[in-house]
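# Coordinate inspection notes
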Amino acid sequence: MTNYQAETLDVAVVGAGHAGIEAALACARMGLRTALFTLTLDLVGNMPCNPSVGGTGKGHLVFELDALGGEMGKAANAVMLQSRMLNASKGPAVHSLRMQTDRVAYRAYMKRTLEQTANLSLVQAEVVGVQVENGKVCGVETAFGGFYPATCVVLCTGTSLQSRIFVGESSYEAGADNTVPAKRLSESLRKAGIRLVRFKTGTPPRVHADSVDFSVMELQEGDPEPTLFGTDAPAVNRLPCYVTYTNEETHRIIRENLHRSPLYSGEIVGTGPRYCPSIETKIMRFPDKERHQIFVEPMGLDTKEVYLQGLSSSLPEDVQKQLVHSIRGLEHCVFMRTAYAIEYDCCDPTQLDATLQFRTIRGLFGAGQFNGTSGYEEAAAQGLVAGINAALLCRGEPPLLLSRAESYIGTMIDDITVKGTDEPYRIMTSRSEYRLLLRQDNAKERLIGYGKRVGLVSDEAYQAFLIEDGQKKREIERLQKEHLPPSASLDEMLTVHGYAPAPTGIGKAEFVRRPFLTLDDLYALEEQPPTLPPSVRKRVEVELKYEGYIKRQAEEVKRFARMEEKRIPPDMDFHAVGGLRLEARQKLTERRPETVGKASRIPGVSPADVSVLLVAIAQYGHDREKKGENHADD
Amino acid sequence: MNPFHTVAAISTPYGKGGVALVRVTGEDAIAIAQRVAERQNSLPLSETPSAKAVRVTFRDGDQPFDDGLLTLFRAPHSYTGEDTAELCCHGGLFVTQKLLGAVFAAGATPAGPGEFTRRAFRNGKLSLSQAEAIGGLIDAKNDRCLTVSLLQSKGALSEKLSSVAERLRFLISSVYAFIDYPDEDMTDVSVPKLRQTLQTLLGEVQSLCDSYAYGRAISEGVRTVLVGKPNTGKSALLNRLAGEDRAIVTEIPGTTRDVLREQVKLGDLLLNLSDTAGLRESDDPVERLGVGRSLSALREAEAVLAVFDGSSPPDGQDAEVLRQIRESGKEKQTIFLLNKADLCPANGAYGPFLPVPGLPVSAKTGVGMDRLEQAVREVLGVSPVGEEALGEVVLGARQYAALMNAKRHLSDALGALDGFSQDVAGLDMEQALSSLEEIDGRTATEEIVNEIFSRFCVGK
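Residues numbered from 1 in each chain as written. Chains lettered and ligands numbered in written order. Predicted model: local features only at pLDDT ≥ 70, side-chain atom pairs only at ≥ 80, totals over all residues. Heavy atoms only, no water.

## Points about the confidence of the model for chain A
Averaged over all residues, the pLDDT of chain A is 92; the fraction at 70 or higher stands at 96%. In the model, residues 629-634 of chain A has pLDDT below 50 throughout and makes zero contacts with residues more than four positions away in sequence or in other chains. (pLDDT = per-residue confidence, 0-100. Contact = heavy atoms within 4.5 Å.)

## Points about the domain arrangement of chain B
Residue and element names in this part refer to chain B. Each assigned domain of chain B is listed with its residue range as follows: domain 1 (7-125), domain 2 (162-215 + 393-437 + 449-455) and domain 3 (219-380). With six residues of domain 2 at the interface, the matching set in domain 3 holds six residues. Summed over both sides, the interface between domain 2 and domain 3 buries roughly 360 Å², with carbon and sulfur atoms accounting for 35% of that surface. Between domain 2 and domain 3 we count zero salt bridges in total. Where domain 2 touches domain 3, the interface holds zero residue pairs in polar contact (both at pLDDT 80 or more). It is helix H7 (residues 191-219) that provides the largest number of residues to the side of domain 2 that touches domain 3, a total of four residues. (Domains from an automatic or database assignment. Buried area = accessible area lost by both parts, 1.4 Å probe. Salt bridge = Lys/Arg side-chain N within 4 Å of Asp/Glu carboxyl O. Polar contact = N/O pair within 3.5 Å; in protein donor to acceptor, adjacent residues only side chain to side chain. Helix = DSSP H or I, 4+ residues; strand = E, 2+ residues; numbered from the N terminus.)

## Overview of the sheet that holds strand S18 (residues 305-309) of chain A
Residue and element names in this part refer to chain A. Judged by pairing direction, the sheet is antiparallel, and its six strands sit side by side in the order S15-S16-S17-S18-S14-S19 without closing on themselves. Two strands bound the open sheet, and with one partner strand each, they are strand S15 (218-220) and strand S19 (335-337). The sheet shows a mean angle of 35° between the axes of neighbouring strands, direction not considered. Looking at chain direction, strand S16 (residues 241-245) and strand S17 (residues 293-298) are connected through four bridges and run antiparallel. Directly across from Tyr245, in S17, lies its bridge partner Gln293. (Pairing = 2+ DSSP bridges. Axes fitted to C-alpha atoms, helices over the stretch in contact; angles between N-to-C directions.)

## As for helix H12 (residues 443-454) of chain A
Residues and elements named next belong to chain A. Compared with an ideal rise of 1.5 Å per residue, which puts 12 residues at 16 Å, H12 spans 17 Å between its outermost C-alpha atoms and is within 8% of the ideal. Of the residues making up H12, those classed as buried are Ala443, Arg446, Leu447, Ile448, Gly451 and Val454. Buried-residue contacts for H12 involve helix H2 (58-68), helix H10 (376-395), helix H11 (408-419) and helix H13 (459-481). Looking at the residues trailing H12, positive phi occurs at Gly455, about 100°. (Expected span 1.5 Å × (residues − 1). Buried < 20%, exposed > 50% of the residue type's maximum accessible area, 1.4 Å probe, protein only.)

## Details of helix H19 (residues 582-591) of chain A
Along H19 of chain A, the residues that are buried comprise Ala584, Arg585, Lys587, Leu588 and Arg591 of chain A. A positive backbone phi angle near 45° is found at Arg592 of chain A, which sits one or two residues after H19 of chain A.

## Remarks on the side chain of Thr142 of chain A
All names here are of chain A. Along the chain, the position of Thr142 falls in strand S9 (residues 136-142). A residue is classified by how much of its surface remains accessible, and Thr142, at 2% relative accessible area, is buried. Leaving out residues up to four positions away in the same chain, Thr142 has contacts with Phe37, Ala125, Glu126, Val127, Val128 and Tyr148.

## Thoughts on the pattern of salt bridges
Residues and elements named next belong to chain A. Applying the stated rule across the entire model yields 66 salt bridges over all chains. A salt bridge links Glu173 to Lys183, with the shortest nitrogen-to-oxygen separation between them at 2.9 Å. Residue Glu173 is found in strand S12 (residues 170-173), and its partner Lys183 is found in the loop between S12 and helix H5 (185-191); the two are separated by 10 residues along the sequence. A salt bridge links Arg439 to Asp441; the nearest nitrogen and oxygen atoms lie 2.9 Å apart. For the residue pair Arg439 and Asp441, the accessibility class agrees, reading buried in each case.

## A look at the sheet that holds strand S6 (residues 96-101) of chain A
Residues and elements named next belong to chain A. If you trace the three strands from one edge of the open sheet to the other, you get S4-S6-S5, paired in antiparallel fashion. Across the chains shown, the open sheet's two edge strands, defined by having one partner strand only, are strand S4 (52-54) and strand S5 (80-86). Pairwise comparison of adjacent strand axes, ignoring direction, gives a mean angle of 20° for this sheet.

## A closer look at the packing of H13 of chain A against helix H17 (residues 534-545) of chain A
The axes of two packed helices give the description: the angle between them and the distance between them. All names here are of chain A. Where H13 meets H17, the axes come as close as 9 Å, and the angle between the chain directions of the two elements is 45°. The angle between H13 and H17 places the two elements in the oblique class. The hand of the H13/H17 crossing is right-handed. Side by side, H13 and H17 meet where Phe465, Glu468, Asp469, Gln471, Lys472, Glu475, Ile476, Leu479 and Gln480 of the first sit next to Ser535, Val536, Arg539, Val540, Glu543 and Leu544 of the second. Taken together, the residues of the contact of H13 with H17 break down into six nonpolar, three polar and six charged. (Parallel < 35°, antiparallel > 145°, perpendicular 65-115°, else oblique. Left-handed = near helix turned anticlockwise from the far one by under 90°. Nonpolar A, V, L, I, M, F, W, Y, C, P; charged D, E, K, R; others polar.)

## Some words on the packing of helix H1 (residues 18-29) of chain A against H10 of chain A
Residues and elements named next belong to chain A. At a minimum axis distance of 7 Å, the contact between H1 and H10 shows a crossing angle of 30°. In terms of axis orientation, H1 runs roughly parallel to H10. Helix-helix and strand crossings are classified by hand; for H1 and H10 the assignment is right-handed. For the pair H1 and H10, contact is made by His18, Ala19, Glu22, Ala23, Ala26 and Cys27 and by Tyr376, Ala379, Ala380, Gly383, Leu384, Gly387, Ile388, Ala390 and Ala391, respectively. Among the residues making up the contact of H1 with H10, the classes are represented as 11 nonpolar, three polar and one charged.

## Topic: the domain arrangement of chain A
Note on interface size: it is often stated as the accessible area lost on association of the parts. Domain parsing of chain A yields domain 1 (4-200 + 344-454), domain 2 (206-342), domain 3 (478-552) and domain 4 (566-633). Of note, the centres of domain 2 of chain A and domain 3 of chain A, computed from C-alpha atoms alone, are 44 Å apart.

## So, the pairing of strand S6 (residues 84-90) of chain B
Successive residues of a regular strand alternate their side chains across the two faces of the sheet. All names here are of chain B. Of all seven residues in S6, five are buried, a share of seventy percent or more. Here strand S2 (residues 19-25) pairs with S6 via seven bridges, running antiparallel. Following the sheet pairing, Val19 is matched in S6 by His90. Bridge analysis of strand S5 (residues 63-73) against S6 gives five bridges, and the strand direction is antiparallel.

## Side note on unusual backbone geometry
The linkage connecting Ala75 of chain B with the following residue, Pro76 of chain B, adopts the cis geometry, with an omega of 0°. Position of Pro76 of chain B relative to the elements: it lies in the loop between S5 and S6. Despite not being glycine, Asp177 of chain A has its phi angle at roughly 50°, a positive value. One can find Asp177 of chain A in the loop between S12 and H5.

## A look at the confidence of the model for chain B
Residues and elements named next belong to chain B. Here chain B shows a mean pLDDT of 75. Residues at 70 or above account for 70%. The low-confidence segment residues 245-259 (pLDDT under 50) makes 41 contacts with residues lying over four places distant or belonging to another chain. The low-confidence segment residues 440-444 (pLDDT under 50) makes 11 contacts with residues lying over four places distant or belonging to another chain. Interface confidence for the predicted complex, expressed as ipTM, amounts to 0.73; the pTM equals 0.75.

Structural data, given as structure tokens:
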């Protein structure tokens, strides 16, 4: 086939899933000529798995993405069906917003948004090659023979690369939701020197709502006062979810048919995620557990399909039907989509730097499942960071580097690029060592400045943030200064919550700091409490209550920064450093960490290696100085 | 300085002995050994197998001066993890010094204190607590301490700490599984259960902390001060404990004008004894200076031996001594000794005078000295440790500090579970874990994530 020279681009984004959308929007909004390539324009922003956005850790990512000027939070807010704040009783650091969303409406919202964005063209075409010359990306080639010269390319291929679907004994080449697989790009990437690995994931069945007996299931309503991502705007829950359970009969069916699962017969070679195991894996790994929870979630307002969270499987269809029908409320349910496992190519993310650019190929970025992660939110957050950095590279501006200490996004990127991952990576609150500082409620405080700097946050939005930030600071100051006089109502409030009465009154800040009292309790006692937006009230309360812990973590961040700032000379020869263990030499040479902090997080680098490295760096600097002196003598 | 340069030191005790060992370690160890030692069968030294002693002749330049044995340990299979040569020559100051001199002339530099062990730690051959235990072995001042060090170098304390850390990690993963998977029904995670396990762990960390009183008493020694009015026999008592004439004992009150320090053994405890000038007002400027020092020694003491002349009734000076002890806040740490029990075995006059009954002793005859050990243990709160638990005695100050940190964070975690919330409790537990793991120089987060997946059935 003869190739033709197509439009010249600043940035080509490959794939229009959650990562690709954010990358393309960021680049176009930052003023760069951008094209977004997709295998099918009808599935832009598709949710091939859960019809939901957010969750533990994931909610944090969406708040952060929203603060940086990303789109996912706004889209989810617009098509929200149910909103729940998870972990509401487990402390503010781990409050996590999760929304059920209308997946069809979500796609329409995203497609519309992309179409209305200046500088952005949507192209339905399979990208079959990435051209790289002299360690620099030059453009992409489509199956139709178009060569699009581009300064930067962002790969957001999701599960499409060389993908294969498995249902029991049958398997075929296909992407998620039976899309066409991208069969040629992997080869081109390998030729460019990129190391690909094979990962696996899966999704549960969807059944017809009219065939489900919801009356025997537990009802799971949204929060009485539902909230949204990054805004205090009012919200309404539209549809509930339901909960049911597997039972001994379900487990028996699975055990007896296990040999028919490609996961157990050895046909699937890809590595699956531990945090969303298939139902057969759960039953085999946790034989003592008598039942497993199944959530029945709506797929949208305009559809009867419901999603059976907890029943991801690669068993044959007949077994799936048997086992689902053994579950209370699902006895007569009608299958619409069969559960399947999917295997796909992705890159080993340790080849990327903190901007998500390949260290050896300038201008080539990766984001989302292509980088070995899992989840819409993880993908979107990376797409945004990769897009911003591609745009900054085109503009010749310094990159946006988010650290572990200031964001979950930075934590995730550091985890995958420094530690690497041998399974699809999911964010979790336990992955952050600074989680009391990285809360949903202060995401804007932490990150909106970056969004403003790169041009993704409007002046109005930034001004609105500054006003709220001022309100928060003034309210905290006020509470620290003012005293609540003694009164019968104060004593009653205190005794109701198990505290001793306060005959001389109590400082207002001290009142709020008490574990079992809230800011609203205080306002109930004040004659003229201020009227503040809910998000500001929340920040005031959290910052007062957790002041001590927040300060302590801030100290740790400072210690962390010292190791992060200790730079490793870029030309340092780790093989020449005596005392480093062989594994450490190899890992350090391969990953080339920029700082001692990063080196210390690479698996296979021991604390003893780090101390050797510190000595070697000091020695290196010393030698340099000496050489410098010698030159001066010449 | 290149951290891998070759160093050498005499590794056997200084002085006369049958044989002596010079150890050379570092990147040039084998080359240096080759310059000073020649195999008696004329084979090249570089072909000597590892960990096998061969006969050699030691030379200084061209001049042979001794025959001996040489053993090569090639990296990483050596104590330090680096190339190491052990040169064994005939003992005696002269030959040994000459060999060491030859090794230095061939390119090695003197090893710093503890350098071999430090290198072993740096090269990943020893965990930090093992390294410290080896330090303890070398410095071991008595048999008990040696046993503890030996057990620790085999990893007994490491094992104990690992067991605590492992259970703590298990607990943390429960908390995070609970937090990260709020929709899963995790029947095996409950706050009362968490609290109970935390209490148990806290108890174990507490008893490790408590063992440090004993550990320190047998390794570093207890700061002990002898006080009393002049001429009650403090110096004689010191001599009795030390077993030699250390202090000048005269009949003239105030003979001891300065603080004399001596490390003495009392059972398996080590006492770092300061014999002070008598605590009394004096016009003699030299003696006054001594008295000032005595007071500051008293304030820093962990145990005080207050000596009285049991052969005569207490007087105003004795009362002054008591007052000073009280003022320094050391009354509870004080053992009241009624010396000269050989002259007067029981002096009733001290009964109402002293806050607790005095202990009759005689520095001259040794009467009552056996009861002193028990009294010191009581004052220090050190109970004898059984053989089986000896490996779990904390000897080092750093280990102790890390354990105290862990203890504090564990108590915080308990408090957080009660009043605050699980996110904070989890954080406190993580800090406790990293304090514990600091002892062994490891870090934990990824392990917790792994633990969550291996133990809990979570996911979609």
